[in-house]
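Summary of the model geometry
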Amino acid sequence: MTFSVQAEIYDRFVGRYSEDLARAVVDRAGVRSGLKVLDVGAGTGKLTGVLAGIVGEENVAAVEPSEPFAATLANAFPAADIRLGTAEKLPFDDGSFDVVLAQLVVNFMADPEAGLAEMARVTRPGGCVAGASWDYRGEMTMLSTFWEAAGEIDERGAAARDERTRMRFGNPEELVELWVGAGLREVEGAQIVVSASYSGYDDLWEPFLAGVGPAGDFTVSLEPEAQAALREEYRRKLGSPEGSFDLHARAWYAAGRR
């Protein structure tokens, strides 16, 4: 599994859902002008960009472990404080930020409990810590349907990577428990539903061939014949779309106060 790919490839993959999701997360976290904010696991910068548009780049910091993504962020947001690093060891002093956000990151942290504890540490007293994770087990259509198809092609290989079962935080109760365990108070969980548009089936399929994330890793592990079979099975399970189409994606959201 890797996210060491060019930003534009990730943005054609799950990234195309990220800006709408970011706007919803930011709204629920109460981000407003005058606040200092941190984006943890910033990826290609969709959330960073939304934050910069509200509070100004100079009031935004971002931490990202992928070198290609961190370089993209630094180029896109020169006035922001961009750091190469992980959630588990945030390079900031205690109470540095009013709002700390982690979008689609907690399931990829090596130690989620340590990551949330760090996010809480760098948040000022009374500040907000918020994050979101896909509903891998249900209504994140792009990924849940992919894994249904993958299991038909290579049951054992798919099971080893299947995000529906491999991700720890797959419902709002699990996210809320993680937030509470970090010592946050007034914790709430909710759902956010977004969608993405595709110009055709190849627009959806081609990014899987770049090996992004668990689904891409599974795809490139297959021999060409099995890849072709997966392509067709995935398309069939999506209803054999012709021409442009949309897919919906549900994310679970959690927020609490330090």
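Summary of the structure given here.

Thresholds, definitions, all that
Residues numbered from 1 in each chain as written. Predicted model: local features only at pLDDT ≥ 70, side-chain atom pairs only at ≥ 80, totals over all residues. Heavy atoms only, no water. Helix = DSSP H or I, 4+ residues; strand = E, 2+ residues; numbered from the N terminus. Buried < 20%, exposed > 50% of the residue type's maximum accessible area, 1.4 Å probe, protein only. Lys, Arg positive; Asp, Glu negative; His and termini not counted. Salt bridge = Lys/Arg side-chain N within 4 Å of Asp/Glu carboxyl O. Polar contact = N/O pair within 3.5 Å; in protein donor to acceptor, adjacent residues only side chain to side chain. Contact = heavy atoms within 4.5 Å. Axes fitted to C-alpha atoms, helices over the stretch in contact; angles between N-to-C directions. Parallel < 35°, antiparallel > 145°, perpendicular 65-115°, else oblique. Left-handed = near helix turned anticlockwise from the far one by under 90°. Phe/Tyr/Trp six-rings, centres within 6.5 Å; stacked < 30°, edge-to-face > 60°. Core = buried A, V, L, I, M, F, W, Y, C linked by side-chain atoms within 4.5 Å.

The next subject is the side chain of aspartate 39. Among the structural elements, aspartate 39 can be located in strand E1 (residues 37-40). Of the side chains with opposite charge, lysine 46 comes closest to the buried, unpaired aspartate 39, at an N-O distance of 12 Å. For aspartate 39, the side chain forms a polar contact with the side chain of threonine 48, separated by 2.7 Å. When sequence neighbours within four positions are dropped, the list of residues in contact with aspartate 39 reads Leu47, Thr48, Leu51, Ala61, Ala62, Val63 and Leu101.

Once that is clear, we can look at helix H3 (residues 46-55). Restricting attention to buried positions, one finds in H3 the residues Leu47, Thr48, Val50, Leu51, Ala52 and Val55. Buried residues along H3 sit in contact with helix H2 (18-29), E1, strand E2 (60-64), helix H4 (67-76) and strand E4 (97-103). Looking one or two residues past H3, glycine 56 carries a phi angle of roughly 90°, positive in sign.

This part is about the environment of serine 18. Checked against the element boundaries, serine 18 lands in helix H2. Residues serine 18 and lysine 89, spaced 71 residues apart in sequence, show a C-alpha to C-alpha distance of 24 Å.

So, on to the packing of helix H6 (residues 141-153) against helix H12 (residues 224-237). In the contact formed by H6 and H12, the axes pass within 9 Å of each other and the chain directions differ by 130°. The angle between H6 and H12 falls in the class oblique. Seen from above, H6 lies across H12 with right-handed handedness. Of the residues in H12, those in contact with Met142, Thr145, Phe146, Glu148, Ala149, Ala150, Glu152 and Ile153 of H6 are Ala226, Ala229, Leu230, Glu233, Tyr234 and Lys237.

Bringing the packing of aromatic side chains into the picture now. If you walk through the whole model with that rule in mind, you get 13 aromatic pairs. Ring centres 5.8 Å apart and planes at 55° place the aromatic pair tryptophan 147 and phenylalanine 218 in the tilted group. In this pair, tryptophan 147 is assigned in helix H6 and phenylalanine 218 in helix H11 (residues 213-221), connecting sequence segments 71 residues apart. For the pair formed by tryptophan 147 and phenylalanine 218, the shared burial category is buried. One aromatic cluster in this structure is built from Phe13, Phe146, Trp147, Tyr201, Trp205, Phe208, Phe218 and Tyr234.

Membership of the largest hydrophobic core comes to 64 residues, with the highest contact counts inside it found for Tyr17, Leu101, Trp134, Met142, Phe146, Leu204 and Tyr234. The residues touching tryptophan 134, leaving out its near neighbours within four places in the chain, are Val14, Tyr17, Leu21, Leu104, Met140, Leu143, Phe169, Val194, Ala249, Arg250, Ala251 and Trp252. Grouped together as the second largest cluster of nonpolar side chains are 25 residues, Phe97, Val100, Val106 and Ala254 included.

Such coordinate-based values are descriptive only and should not be taken to indicate function.
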